[in-house]
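Descriptive analysis of the structure
Each chain is listed here by its residues.
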Amino acid sequence: MNIFDILGPVMVGPSSSHTAGATRIGFITRKLLGCKPVKATIGLCGSFAATGKGHGTDRAIIAGLLGMQPDDMRIPESFEIAKQEGLQFDISNIQVKEAHPNTAVIKAIGEDGRSLEVQASSLGGGRILLNKIDGIVVNCTGSCPTLIIRNEDSPGQVAEVTSMLYQKHVNIATLQLYRDKRGGDAVMVIETDQPVYKATICNLEQLEGIKKVTYIGEEEQ
């Protein structure tokens, strides 16, 4: 049993799932976007939609998009801070088939024009699960260093990526593979035991057939 199962995370309340988890969903979305978001469309599903406003879920997600962590005392003022920082947002209730009760779908646009859609769920105790990124299933928590690699579904792609990580002394904890169709777009979700060097990420991006590399975790120089 983890200590957070007993005490819960250090956070601004009132709820570890509806507030702390929601903040983390927004924060991870900002990190995946790779820059400051300037526009966000947020859909709340299930319990997030039914009781989220009372628990501050809406303000928590905006706080995360602004770069705040669950223990940031500014979370209740996130709407006002978003206005000051030029983040436009729209929040509505939606339905997502077979989704976890505490689910949010965030469509974000960054200041550099980059766009991203994230579907994520809050599991309780401040923990989250990233369900989809840009419509592709990923199912990872982001609680340890994680590489999300979009690539062509072609022979040798997995071997090249894992070989490079081996050469850089990065141990793979888990590896998940997804694809939309044979020969189409594919995704590798790789959780590692060590942070990944920036140079390694750049090398992965240069491999033939690799379309995009997203990293969640503290970057080593």
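The text that follows walks through the structure, step by step, so that each part is easy to find. (Residues numbered from 1 in each chain as written. Predicted model: local features only at pLDDT ≥ 70, side-chain atom pairs only at ≥ 80, totals over all residues. Heavy atoms only, no water.)

1. Comments concerning the side chain of glutamate 191
With respect to the element layout, glutamate 191 can be found in strand β9 (residues 185–192). The side chain of glutamate 191 is buried and forms no salt bridge, while arginine 24, the nearest opposite charge, is found at 9.1 Å. A polar contact of 2.7 Å, which involves the side chain of glutamate 191, links it to the side chain of threonine 174. In contact with glutamate 191, other than residues within four places in its own chain, are Cys140, Thr141, Cys144, Pro145, Thr146, Asn171, Ile172, Ala173 and Thr174. (Helix = DSSP H or I, 4+ residues; strand = E, 2+ residues; numbered from the N terminus. Buried < 20%, exposed > 50% of the residue type's maximum accessible area, 1.4 Å probe, protein only. Lys, Arg positive; Asp, Glu negative; His and termini not counted. Salt bridge = Lys/Arg side-chain N within 4 Å of Asp/Glu carboxyl O. Polar contact = N/O pair within 3.5 Å; in protein donor to acceptor, adjacent residues only side chain to side chain. Contact = heavy atoms within 4.5 Å.)

2. Observations regarding helix α7 (residues 198–205)
Among the residues making up α7, those that are buried are Thr200, Ile201 and Leu204. One side of α7 carries all its buried residues, which in axial view fall inside an arc of 100°. (Arc of directions from axis to C-beta.)

3. Quick word on the packing of aromatic side chains
The description of an aromatic ring pair uses the distance of the two centres, along with the angle that the planes make with each other. Within the structure shown, the criterion is met by one aromatic pair. Arranged with centres 4.9 Å apart and planes meeting at 40°, the rings of phenylalanine 79 and phenylalanine 89 form a pair that is tilted. Residue phenylalanine 79 is found in helix α5 (residues 78–85), and its partner phenylalanine 89 is found in strand β2 (residues 88–93); the two are separated by ten residues along the sequence. Judged by relative accessible area, phenylalanine 89 falls into the partly exposed class, the value being 30%. Here arginine 59 stacks its cationic end above the ring of phenylalanine 79, 4.2 Å away from the centre of that ring. (Phe/Tyr/Trp six-rings, centres within 6.5 Å; stacked < 30°, edge-to-face > 60°. Lys NZ or Arg CZ within 6 Å of the ring centre and 35° of its normal.)

4. Notes on unusual backbone geometry
Despite not being glycine, glutamate 98 has its phi angle at roughly 60°, a positive value. In this structure, glutamate 98 sits in the loop between β2 and β3 (102–110). For glutamate 98, a relative accessible area of 76% corresponds to the exposed category. The residue histidine 169 is not glycine, and still its phi comes out positive at about 60°. Looking at the secondary structure, you find histidine 169 in the loop between α6 (157–167) and β8 (172–179).

5. Some thoughts on the pairing of strand β6 (residues 136–140)
Here β6 shows one buried face, formed by Ile136, Val138 and Cys140, and one open face, formed by Val137 and Asn139. Here strand β5 (residues 127–133) pairs with β6 via three bridges, running antiparallel. Across the sheet, the residue bridging to lysine 132 is valine 137, located in β6. Here β5 hands over to β6 after two residues, with aspartate 134 in that stretch at a positive phi of 50°. (Pairing = 2+ DSSP bridges.)

6. What to know about the nonpolar core
Counting residues in hydrophobic clusters, the biggest one holds 37 residues, and the most contacted among them are Leu32, Ile42, Ile61, Leu65, Leu130, Val138 and Ile148. Here leucine 32 is in contact with Leu116, Val118, Leu130, Ile133, Ile148, Thr214 and Ile216, once residues within four sequence places are set aside. Formed by 15 residues, the second largest nonpolar core is a distinct cluster that contains Val161, Val196, Ile201 and Leu204. (Core = buried A, V, L, I, M, F, W, Y, C linked by side-chain atoms within 4.5 Å.)

7. Details of the packing of α6 against α7
One can describe the packing of α6 onto α7 by two numbers: an axis separation of 11 Å at closest approach and a directional angle of 160°. By the angle class used here, α6 and α7 are roughly antiparallel. Where α6 crosses over α7, the two elements pack in a sense that is right-handed. Residues Val161, Met164 and Leu165 of α6 touch α7, and the partners they reach there are Thr200, Asn203 and Leu204. Counted by class, the contact of α6 with α7 contains four nonpolar, two polar and no charged residues. (Axes fitted to C-alpha atoms, helices over the stretch in contact; angles between N-to-C directions. Parallel < 35°, antiparallel > 145°, perpendicular 65-115°, else oblique. Left-handed = near helix turned anticlockwise from the far one by under 90°. Nonpolar A, V, L, I, M, F, W, Y, C, P; charged D, E, K, R; others polar.)

In short, shape yes, function no, at least from these values alone.
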